[in-house]
Amino acid sequence: MLRLELRPAPSRLMIYLSPLLAMALMLVVGMIVFTILGQPPLKAFHAFFVEPINDWYGFGELLIKSSPLALIALGLAVGFRANIWNIGAEGQLIMGAIAAGGVALWLHETTNAWILLPLMFIAGALGGMFWASIPAFLRTRFNTSEILVSLMLVYVANLILSWLIHGPWRDPDGYGFPQSKLFESSAILPIMMEGTRVHAGLFITVLALIAAGIFFRWSLTAFQMRVAGLAPKAALYAGFKQKKMVWLGLLAGGAAAGLAGTSEVAGPIGQLLIPISPGYGFAAIIVAFVGRLHPVGIVLASLLMALLYLGGESAQMQLALPAAVSGVFQGMLLFFLLATDVLIQFKLRWVSKASVGAA
Amino acid sequence: MSLIAAPPRLELRGITKRYPSVVANQDIDLVVQPSEIHALLGENGAGKSTLMKIVYGVVKPDTGSVFWNGQAVKIRSPAQARALGIGMVFQHFSLFDTLTVAQNIALALDQKQDMQALSARIVEVSNRYGLPLEPDRLVHLLSVGERQRVEIVRCLLQEPQLLIMDEPTSVLTPQAVRKLFETLRRLAAEGCSILYISHKLDEIRELCHTATVLRGGKVTGMANPQLESSKSLAELMIGKELPAYRRASTRALGEPSLVINDLSRATTDPFGTSLKHVQLSVHAGEIVGIAGVSGNGQQELLYALSGEQPGRREEVLIKGQEAGQLDAAERRSLGLRFVPEERLGRGAVPEMPLELNALLTGYANGLAPKGWIQYAKIREFSKACIERFNVKAGGPQAAAKSLSGGNVQKYIVGRELMLNPQVLIIAQPTWGVDVGAASFIRQTLLDLSQAGVAVLVISEELDELFEICDQIAVIEGGQLSPAKPVAQTSVEEIGLLMGGTRTSHVTEQRVA
């Protein structure tokens, strides 16, 4: 039978190469899947990975999609590095969007974007943090699993949004569609690149990227959280404040998701409706891991993940493939990454039955 | 003996085993005669364990041959080794706590067993060798010595011709050690050969007929231990002379720096030990030792003292201040420093470089002002620690896990000492550390106490405690005996306390 054996020393090179390897494997298996679906693999490859970004507009779309992914992944990485598993960024994104959208609808008479947009981002961040504070409180107070609580709150957030746009916030002139009024122009982020839909939300992501880079490398708190993630007993031995880490880890993810939600409603969407996000909050978990919880890696991973989103849309239109094809590729990417990671730490060895029984 | 004409029981010729980063055994020859108690002596990392795993079929040698009663054999698995008549008692027991003695033994035997008959055989064999065991008792109710008996009886049931014992006495009281030796002598007299692995020289001199000494994976000597002194054996083992300890004859004792005040703590772990009314003072300038067989409350006491599991405020006083409710970081700021027994994963983060490991307990000492890490400072600190404490490492950027256990220990001890302790608690200071480094660490503790630091040492090695401590107390069943000055006690007396009332009580109950 096959057995996994710990390697004496994992290769440093492979730690960085394994995301690329996972990507290559995803492509190879993807080609096979396309062939089975009756598509010529090269044409499908072109439609999936080249078509979406072969013009300026497409490139802009790539940035629009990768920006929230990177932003949320950076926030999640703060907690993930300390083994604090916030799986509910999608819900925090929705709550951030609700808070920001609420400000936009409430202050619709404010014509100064320099006042309204910052207020919306503050509200969005607070909304996301509020939603993340629930698992943080329950974890620190009652030791509940933040994984389950944060995940379940995604559905609660979705229902709250649904209630709002079916009920109190429904656009009276919207022919009964479940959506809010369109935001005033002062609540819409300006376009940054001519001929695309790239908006100023990208700046938030760039700022978060720089902040995370500095925080991870130089901050004592980030070091302490890394220790808690790598060796929980060492964190206890050193006397690091576990509760503070849980709060910080969850709130960072919540704030990032809330900001991303704000960018979405103040950017390409321009109102509250369902869905606000095509699963950015969940895809960002994959982005954070493919990016090795490191800011530079997260940027690269977010571009790849955004391409998978665009490729999925393009494959629907050009090849008449179902929308689920994006999810298939995302899943394969994470699967192959986890598999290659296992093989960095372990090697496969064939062991005969006899020695297995005896050992 | 009249058996000289018979072939040796076990003969190894030219055994070599290479691992990716180290040659564990190089060209090793070893001969064990029938009825012989043969010591395999060497420091940690000398290659003893690898060699024994080769004999027991766990590891395959790269080159070399094995002869069993004169026949060339290839031992491919432990099952095959057992079939040949080789038994091994491991240093770390492999027993299931929730099963009975008989069930545990049945699991290790290669054939299916009739439990009734097996229980009868267990009673018979254990009585014959003076290792009384009750087959129906659950293992978690047994003392450590009794668990070892289970392991030994398990081997004896297979009527071995060679019994390998890996550091068997490290968990036993002196009295239990004596009983074990009686059993081993009786076994040898009946013709069974014994390979006895240890680094405890007195025991080897008392028990063994022949000793093979390993150093750095090679055989460096053969000796008759009964004709050697402990000193000469030690020098064979480490290849150089041991330095003598320097200690001042008189020292002024200061105020009590660490006071444990009626500390009781119920354990939540079903196999843990509850602490009962622990009382102890350690004065500035003295070394107090706590002896005891492992699992008698040492872990629980250390967690309570370090602040990893805080409790009531008045239980612990550090330099006169009530500190029982404080966490580890807060106690550190009062001057307490702690070196735990688990180095990797608790005392240091294995994946992180040494320089970041300096930050683990040193961040409040100017290495990260205002919460921002100063890499130049931690590198400098780490370099100084590596130099002063002679840590063998690739430099401040080497990951902690790339160091050997002894060097990680030197780094952790060094780190805590460089951070100016006023009270130092240290657990198993020289566990897994080679002889040279061990004497360096002990000397460091002596120097520290002379500089006015209060030192509390928790160790399972009685020799070590008698070498460096001013006072010794014994922990047994969660209770701490009153500390006694070393001059007014003896290894005998401490050993009796370590065996404790609890163990003898249980034994009596079972015999009755």
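Since this is a predicted model, take the numbers as computed values, not measurements.

**What to know about the packing of helix 1 (residues 12–36) of chain A against helix 13 (residues 324–345) of chain A**
All names here are of chain A. Where helix 1 contacts helix 13, the two axes come as close as 8 Å, and the packing angle between them is 140°. Put simply, helix 1 runs oblique to helix 13. In this structure, helix 1 crosses over helix 13, and the sense of that crossing is right-handed. Contacts between helix 1 and helix 13 involve Met14, Ile15, Ser18, Pro19, Leu21, Ala22, Met23, Leu25, Met26, Val29, Gly30 and Phe34 from the former and Val325, Phe329, Met332, Leu333, Phe336, Leu337, Thr340, Asp341 and Ile344 from the latter. Looking at side-chain class alone, the contact of helix 1 with helix 13 contains 17 nonpolar, three polar and one charged residues.

**Quick notes on the pairing of strand 6 (residues 86–89) of chain B**
Residues and elements named next belong to chain B. Here strand 6 shows two buried faces, one formed by Ile86 and Met88 and the other by Gly87 and Val89. Direction of pairing for strand 6 relative to strand 7 (residues 162–166): parallel, over a ladder of four bridges. Bridge assignment links Met88 to a residue of strand 7, and that residue is Ile164.

**A look at helix 4 (residues 115–128) of chain B**
All names here are of chain B. Here helix 4 spans 20 Å end to end across 14 residues, near enough to the 20 Å set by a 1.5 Å rise per residue. Listing the buried residues of helix 4 in full gives Leu118, Ser119, Ile122, Val125 and Ser126. Along helix 4, the residues classed as buried sweep out an arc of 135° about the axis, all on the same side. Buried-residue contacts for helix 4 involve helix 3 (101–108) and helix 5 (144–156). Count one or two residues on from helix 4 and you reach Gly130, which has phi positive near 70°.

**A closer look at the interface of chain A and chain B**
Chain A puts 21 residues into the contact, and the matching count from chain B is 36 residues. Taking both sides of the interface into account, the surface hidden between chain A and chain B amounts to around 2300 Å²; carbon and sulfur atoms contribute 68%. Together, Leu220(A), Phe223(A) and Tyr237(A) form the three largest contributors to the area buried by chain A at its contact with chain B, with a combined 32%. Where chain A touches chain B, the interface holds three salt bridges. Across the pair Asp327(B) and Lys241(A) runs a salt bridge whose closest N-O atoms are separated by 2.6 Å. Elements with a contribution of two residues or more to the side of chain A that touches chain B: helix 7 (201–218), helix 8 (220–230) and helix 9 (232–238) of chain A. Among the elements that make up the side of chain A that touches chain B, the one with the highest residue count is helix 8 of chain A (six residues). Residues of the side of chain A that touches chain B, tallied by class, amount to 14 nonpolar, three polar and four charged.

**Looking at the domain arrangement of chain A**
All names here are of chain A. With domains assigned, chain A is organised as domain 1 (1–34 + 324–353) and domain 2 (63–189 + 207–321). The gap between the C-alpha centroids of domain 1 and domain 2 is 28 Å. Contacts between domain 1 and domain 2 engage 15 residues on the former and 13 residues on the latter. Interface area lost by domain 1 to domain 2 is led by Ser326, Gln330 and Leu333, which between them contribute 39%. Residue Arg292 pairs with Asp341 through a salt bridge whose shortest N-O separation is 2.6 Å. Inspection of the region where domain 1 meets domain 2 yields four residue pairs in polar contact (both at pLDDT 80 or more). If you list the elements that add at least two residues to the side of domain 1 that touches domain 2, you get helix 1 and helix 13. A breakdown of the residues in the side of domain 1 that touches domain 2 according to their chemical character gives 11 nonpolar, three polar and one charged.

**Topic: the confidence of the model for chain A**
Residues and elements named next belong to chain A. A residue-level look at chain A finds 97% of positions with pLDDT of 70 or above and a mean pLDDT of 91. At the low end of the mean pLDDT range in chain A sits helix 14 (residues 353–358), at 46; at the high end sits helix 4 (residues 89–106), at 97. Under a pLDDT of 50 for its full length, residues 354–359 has, in the predicted model, seven contacts with residues more than four places off or in other chains.

Here is what the cut-offs are and how they apply
- Residues numbered from 1 in each chain as written.
- Chains lettered and ligands numbered in written order.
- Predicted model: local features only at pLDDT ≥ 70, side-chain atom pairs only at ≥ 80, totals over all residues.
- Heavy atoms only, no water.
- Axes fitted to C-alpha atoms, helices over the stretch in contact; angles between N-to-C directions.
- Helix = DSSP H or I, 4+ residues; strand = E, 2+ residues; numbered from the N terminus.
- Parallel < 35°, antiparallel > 145°, perpendicular 65-115°, else oblique.
- Left-handed = near helix turned anticlockwise from the far one by under 90°.
- Contact = heavy atoms within 4.5 Å.
- Nonpolar A, V, L, I, M, F, W, Y, C, P; charged D, E, K, R; others polar.
- Buried < 20%, exposed > 50% of the residue type's maximum accessible area, 1.4 Å probe, protein only.
- Pairing = 2+ DSSP bridges.
- Expected span 1.5 Å × (residues − 1).
- Arc of directions from axis to C-beta.
- Buried area = accessible area lost by both parts, 1.4 Å probe.
- Salt bridge = Lys/Arg side-chain N within 4 Å of Asp/Glu carboxyl O.
- Domains from an automatic or database assignment.
- Polar contact = N/O pair within 3.5 Å; in protein donor to acceptor, adjacent residues only side chain to side chain.
- pLDDT = per-residue confidence, 0-100.

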